[in-house]
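Survey of secondary and tertiary structure
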Amino acid sequence: MSVRAMCYESQLFEFTPQTCILRVYIAFQDYLFEMVLVVEKVIMKKLESMQGNKISHFRVRQSTEKYLHFMRERFNFLFQKMETFLLNLVLSIPSNVLLLEDKVHSQYSYSKEEFEHLQAETENLEKKCKAESLATQRLLAELEEQKHVQAELEKILTWFKGLDKICREHGNIDLKESFGFMTQTTRKLQDTVTEIDMKHKKTKVDGSTLTPICPRNRKGK
């Protein structure tokens, strides 16, 4: 069996030529063994049917083994020639032939330094592509969130329009002026509450500084 590395052929066939030859060899050898056993059985039946037969089964088996040994030697000799023929003329690629996927290398040849530079640029571009992909995903997520916010704002605006319509139908009141008046009133109330709270705190402080008056004891008459 040849031990020559045939990597280029393996790339084309997707299997090593030596493996193919080995499987063919095993298949032929198995078939040879089976045929020899079949011939041996036929001979044994013929001998059993003959009267006055003095040939034992052991001698038949010895003869079968000798015949098998002879056939194996001839088979190995012939198979070596067939192996050489198959590996050199059938399962080999000439040195001047390029596969379709490798023709680009003959058109664009690069040195080791140029290849490393291209590889570095490729990795840089891959990183940029990943970053842009992540940024796109974030923008899409933000747009989706803005859609939800927009939907909620539209609901609120619809509610305000309905409320404004109800106010106009019942009291002819401008909703914007009503909210402005409510805002001013709320601020005045907050100021009043703050002022009352400050006065209350001041009153507590003033009351705590006064000196308590003790009652005078009466003298007994």
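We now turn to the structure provided with this report.

Definitions and limits used
Residues numbered from 1 in each chain as written. Predicted model: local features only at pLDDT ≥ 70, side-chain atom pairs only at ≥ 80, totals over all residues. Heavy atoms only, no water. Helix = DSSP H or I, 4+ residues; strand = E, 2+ residues; numbered from the N terminus. Contact = heavy atoms within 4.5 Å. Areas by Shrake-Rupley, 256 points an atom, 1.4 Å probe, with all protein chains shown as cover. Phe/Tyr/Trp six-rings, centres within 6.5 Å; stacked < 30°, edge-to-face > 60°. Buried < 20%, exposed > 50% of the residue type's maximum accessible area, 1.4 Å probe, protein only.

Things to note about the overall build of the protein
When helices and strands are tallied, the protein shows 6 helices and 0 strands. Counted from the first residue to the last, the protein has its helices and strands arranged as α-α-α-α-α-α. Taking contacts inside the protein between residues at least 6 apart in sequence as the whole, the part at least 24 apart equals 58%. Accessible area for the protein stands at about 20100 Å²; split by element, carbon and sulfur atoms hold 60% of it.

Brief notes about unusual backbone geometry
Backbone geometry places Glu14, a non-glycine residue, at a positive phi of 65°. Residue placement: Glu14 occurs in the loop between helix H1 (7–13) and helix H2 (17–49).

Things to note about the packing of aromatic side chains
Under the definition given, this model contains 5 aromatic pairs. Each member of the aromatic cluster is reached from another via a ring pair, and the members are Tyr25, Phe28, Phe75 and Phe79.

Considerations on the side chain of Glu40
Inspection of the secondary structure puts Glu40 in helix H2. Given a relative accessible area of 7%, Glu40 falls into the buried group. Setting aside residues no more than four positions away along its own chain, Glu40 makes contact with Val60, Arg61 and Thr64.

Digging into helix H3 (residues 57–90)
Given 3.6 residues per turn, any residue in an α-helix points the same way as the ones three and four places further on. Every buried residue belonging to H3 is among Val60, Thr64, Phe75, Phe79, Glu83, Leu86 and Leu87, and all of these are buried. Along its buried surface, H3 packs onto H2.

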